[in-house]
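# Observations on the three-dimensional arrangement
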Amino acid sequence: MNTSARGPRRVVITGAPFPEPSVRALHEAGFEVTAAPGDLDEEGVIKALEGAWGYVLGGSERLSAGAWDRLPGLAVACFLGTGYGSFMEVPAHPSPLHFANTPHANAIAVAEMSLAHILDLVRAVTRTGTEVAAGQWSERATPSLAGARLGIAGMGHIGRELARMTHAAFGTDILYWNRTSRPELAALPYKAVDSLLDLFRSADVVSLNFAHEPGVNDGAVTTEHLDALGPSGYLVNCSRAELVDPAALRSALAEGTIAGASIDGYYTEPTPAPAADPHGLLAFAPTRLLVTPHSGFHSTQAMARMAEMAVENLLAVKRGETPPYAVTG
């Protein structure tokens, strides 16, 4: 690891524009800051990082554990967000490279996006808006969140925010499943269920808000779950697309097993053209499927806080310290 290279240390930031106050803080600390596209493949990222000291992963690119060995000058890699595992594979063996993230800074933003997806699906906002744009007019009644049962899979920071928002705004009944017990929620007007399948059986809408662990819980939502949700049920996924078996979702949408679904992000990012989609799902948008471009975490406020935390991580490594938000393999 080269932390004493001549000239300014270069930090490469991918994805959306980094907030100016944080760019200024890096410049004041003596860093050179460059931007790179957030949709590069692994080889493109490695090329962009040649000679770089720091890397802030803010795009949709994904790096395998072996990629880091090809970046001997890199001192620190920081993921903008909490669930880094799907994008930044940390080596299982000790590494001279520091890895970090910006945990929970975007919890409110992702909860907001989950609620936006829920409202869009249940009240048919995108579907009917698209119909009007095509010269069609529909006044069909839609369900309401008032008195509905929302099932939240994953009661971490995002799930708890979503429960709070939805119950407070609409009086929606909150059911939840979590992989570990949450005794601190016992005093709240929420009901725990025993399994993910029980959640799908009991809810009108299910929101996936637990972390994707590549190779561990891929396809956690199967045909059995979607059958249990039923023809009037909706699935919202503002976590990672990979949590849902794409073949099961395609069949459920094609056969009307569920009323509709949404994903913030996709199995490949950016999305291919619908005709080239290997999963055959994009053809259902926007009538049965809502897809947004992995933007749930990108509120202005969340981006500002994530950038501040990333700067804290970089400055700590510059001082020879462990990043305050370090992660390990």
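Look a little higher up for the structure.
What comes next is a walk through the structure. (Residues numbered from 1 in each chain as written. Predicted model: local features only at pLDDT ≥ 70, side-chain atom pairs only at ≥ 80, totals over all residues. Heavy atoms only, no water.)

### Examining the nonpolar core
- Grouped together as the largest cluster of nonpolar side chains are 47 residues, with contacts concentrated most on Phe 18, Trp 53, Val 56, Ile 118 and Ile 152.
- Counting residues per element, this core draws most heavily on helix H9 (residues 300-318), at eight residues.
- Core analysis: the next-biggest nonpolar cluster, separate from the first, contains 31 residues, Leu 175, Phe 210, Ile 263 and Phe 284 among them. (Core = buried A, V, L, I, M, F, W, Y, C linked by side-chain atoms within 4.5 Å. Buried < 20%, exposed > 50% of the residue type's maximum accessible area, 1.4 Å probe, protein only. Helix = DSSP H or I, 4+ residues; strand = E, 2+ residues; numbered from the N terminus.)

### Regarding the packing of helix H1 (residues 20-28) against H9
- Interhelical geometry of H1 versus H9 gives an angle of 15 degrees and a closest axis separation of 9 Å. In terms of orientation, H1 and H9 fall into the roughly parallel class. Classified by chirality, the crossing of H9 by H1 is right-handed. Where H1 approaches H9, its residues Ser 22, Ala 25 and Leu 26 are matched on the opposing element by Ala 307, Glu 308, Val 311 and Leu 314.
- Residues belonging to the contact of H1 with H9 are distributed by class as follows: five nonpolar, one polar and one charged. (Axes fitted to C-alpha atoms, helices over the stretch in contact; angles between N-to-C directions. Parallel < 35°, antiparallel > 145°, perpendicular 65-115°, else oblique. Left-handed = near helix turned anticlockwise from the far one by under 90°. Contact = heavy atoms within 4.5 Å. Nonpolar A, V, L, I, M, F, W, Y, C, P; charged D, E, K, R; others polar.)

### What to know about the pattern of salt bridges
- In this structure the tally under the stated criterion is 12 salt bridges.
- Here Arg 182 makes a salt bridge to Glu 184, at a shortest N to O gap of 3.1 Å.
- Under the relative-accessibility criterion, Glu 184 is labelled partly exposed at 45%.
- Note that Glu 312 and Arg 305 form a salt bridge whose closest N and O atoms lie 3.3 Å from each other.
- You can call Glu 312 partly exposed: its relative accessible area is 31%.
- What makes Arg 305 partly exposed here is its relative accessible area of 32%.
- Where salt bridges share partners, they join Arg 127, Glu 131 and Arg 140 into one cluster. (Salt bridge = Lys/Arg side-chain N within 4 Å of Asp/Glu carboxyl O.)

### Focus: the packing of aromatic side chains
- Per the stated rule, a full pass over the model turns up six aromatic pairs.
- Ring centres 5.1 Å apart and planes at 35 degrees place the aromatic pair Phe 31 and Trp 53 in the tilted group. Of the two residues, Phe 31 is situated in strand E2 (residues 31-36) and Trp 53 in the loop between helix H2 (42-48) and strand E3 (54-57); the sequence distance between them amounts to 22 residues.
- Look at Tyr 266 and Tyr 267: their rings are 5.3 Å apart centre to centre, the planes differ by 80 degrees, and that puts the pair in the edge-to-face class.
- You can call Tyr 267 buried: its relative accessible area is 12%.
- An aromatic cluster of three or more residues is present, and its members are Tyr 55, Trp 68 and Phe 99.
- Here the guanidinium or amino end of Arg 62 rests over the ring plane of Phe 87, the centre of that ring lying 4.7 Å away. (Phe/Tyr/Trp six-rings, centres within 6.5 Å; stacked < 30°, edge-to-face > 60°. Lys NZ or Arg CZ within 6 Å of the ring centre and 35° of its normal.)

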